Amino acid sequence: DTEVTQTPKHLVMGMTNKKSLKCEQHMGHRAMYWYKQKAKKPPELMFVYSYEKLSINESVPSRFSPECPNSSLLNLHLHALQPEDSALYLCASSQATGAGNTIYFGEGSWLTVV
Amino acid sequence: QKEVEQDPGPLSVPEGAIVSLNCTYSNSAFQYFMWYRQYSRKGPELLMYTYSSGNKEDGRFTAQVDKSSKYISLFIRDSQPSDSATYLCAMSSNTNAGKSTFGDGTTLTVKP
């Protein structure tokens, strides 16, 4: 079983809703990530947090808002999403952000925007 | 042209077969090479990790990296139905670990 836990596993939301995806890891990792994965495509990096600070934003629309309350938790706040935002959202963590650090993925949150 | 090209599949083999999964790449700065396994509707799971060229073996899995040819492979011996999944190659250079470049994945089915 993965040590990166994501909730909820499935989420259906309307385009005017506000919802959040949550992620937790207890491996003592100091880097956490959000990825988006569409069907039959590889994961695409969205955000990177290092030591609870946002270090990379891959030009993600502002309707996605990440938050890192502490070193174990990572949230992704969702507002005014579009149907094309429907995808698997993956949280991941690693010891640090440097190259060569192994990235551990959670099982993902399946998001459907209606 | 994509930086990482992965054999598209799908691939279907009988149980017990040797499976070869392959990726080519164009960025000579890539130093770290990974293979992930992703079961349907689950997150990717790291299978193998290799730094620079060479071979690495872990049980039934062998990863090979040939930097001179910009070619990496994952071999699965004595394949099992439980190996049925999508396999993603990923590579990164000396930058952020999260900025790996993934292949599009090869879907493998092992038939009993």
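Data block above holds the structure.
Here's what I pulled together on the structure shown here. (Residues numbered from 1 in each chain as written. Chains lettered and ligands numbered in written order. Predicted model: local features only at pLDDT ≥ 70, side-chain atom pairs only at ≥ 80, totals over all residues. Heavy atoms only, no water.)

1. Observations concerning the sheet that holds strand 8 (residues 73-79) of chain A
Residues and elements named next belong to chain A. One open sheet accounts for four strands, arranged 1-3-8-7; its pairing is antiparallel. Two strands lie at the open edges of the sheet, namely strand 1 (4-7) and strand 7 (64-70), each paired on one side alone. Going from strand to strand, the sheet's axes swing by 20° on average, the running direction of each strand aside. Strand direction decides the pairing type here: strand 1 and strand 3 (residues 18-25), joined by four bridges, are antiparallel. (Pairing = 2+ DSSP bridges. Helix = DSSP H or I, 4+ residues; strand = E, 2+ residues; numbered from the N terminus. Axes fitted to C-alpha atoms, helices over the stretch in contact; angles between N-to-C directions.)

2. Notes on the environment of B:D78
Residue and element names in this part refer to chain B. Counting through the fold element by element, D78 comes out in the loop between strand 8 (71-76) and strand 9 (85-92). In the structure, D78 is positioned 32 residues away from V110 in sequence and 10 Å away in space, judged by C-alpha atoms. Other than its neighbours up to four places away in sequence, D78 contacts G16, A17, R60 and D83. (Contact = heavy atoms within 4.5 Å.)

3. Regarding the pairing of strand 9 (residues 87-94) of chain A
Residues and elements named next belong to chain A. For strand 9, a buried count of eight out of eight residues is recorded, marking the element as mostly surrounded by other parts of the structure. Summarising the sheet, strand 4 (residues 31-37) and strand 9 pair through seven bridges and their orientation is antiparallel. Paired with Y33 across the bridge in strand 9 is A92. Summarising the sheet, strand 9 and strand 11 (residues 109-113) pair through three bridges and their orientation is antiparallel. The residue of strand 11 that forms the bridge with A87 is L111. Two strands pair when backbone bridges link them, and strand 9 and strand 10 (residues 104-105) are joined in this way by two bridges, in the antiparallel orientation. Following the sheet pairing, A92 is matched in strand 10 by F105. (Buried < 20%, exposed > 50% of the residue type's maximum accessible area, 1.4 Å probe, protein only.)

4. So, the interface of chain B and chain A
Counting residues at the interface gives 20 residues for chain B and 26 residues for chain A. Note on chain B versus chain A: buried area summed over both sides is about 1,800 Å², and carbon and sulfur give 57% of it. Taken together, the connections running from chain B to chain A amount to two salt bridges. A salt bridge links A:E107 to B:K42, with the shortest nitrogen-to-oxygen separation between them at 3.3 Å. For the pair chain B and chain A, the interface holds seven residue pairs in polar contact (both at pLDDT 80 or more). The greatest single-element share of the side of chain B that touches chain A, amounting to three residues, is contributed by strand 4 (residues 32-38) of chain B. Tallied by class, residues from the side of chain B that touches chain A come to eight nonpolar, eight polar and four charged. (Buried area = accessible area lost by both parts, 1.4 Å probe. Salt bridge = Lys/Arg side-chain N within 4 Å of Asp/Glu carboxyl O. Polar contact = N/O pair within 3.5 Å; in protein donor to acceptor, adjacent residues only side chain to side chain. Nonpolar A, V, L, I, M, F, W, Y, C, P; charged D, E, K, R; others polar.)

5. Some details on the state of the cysteines
Under the definition given, this model contains two disulfides over all chains. Bridging A:C23 to A:C91, the disulfide has an S-S length of 1.9 Å. Here A:C23 and A:C91 share a disulfide; its torsion about the S-S bond, -75°, makes the bridge left-handed. Of the two residues, A:C23 sits in strand 3 while A:C91 sits in strand 9, which places them 68 residues apart along the sequence. Disulfide pairing places B:C23 opposite B:C89 at an S-S distance of 2.0 Å. Looking down the S-S bond of the B:C23 and B:C89 bridge, the torsion is -100°, so its handedness is left-handed. Placement of B:C23 in strand 3 (residues 19-25) and of B:C89 in strand 9 is noted, with a sequence separation of 66 residues between them. On the accessibility criterion, B:C23 (1% relative accessible area) is buried. Residue class for B:C89 comes out buried when judged on its relative accessible area of 0%. (Disulfide = S-S within 2.5 Å.)

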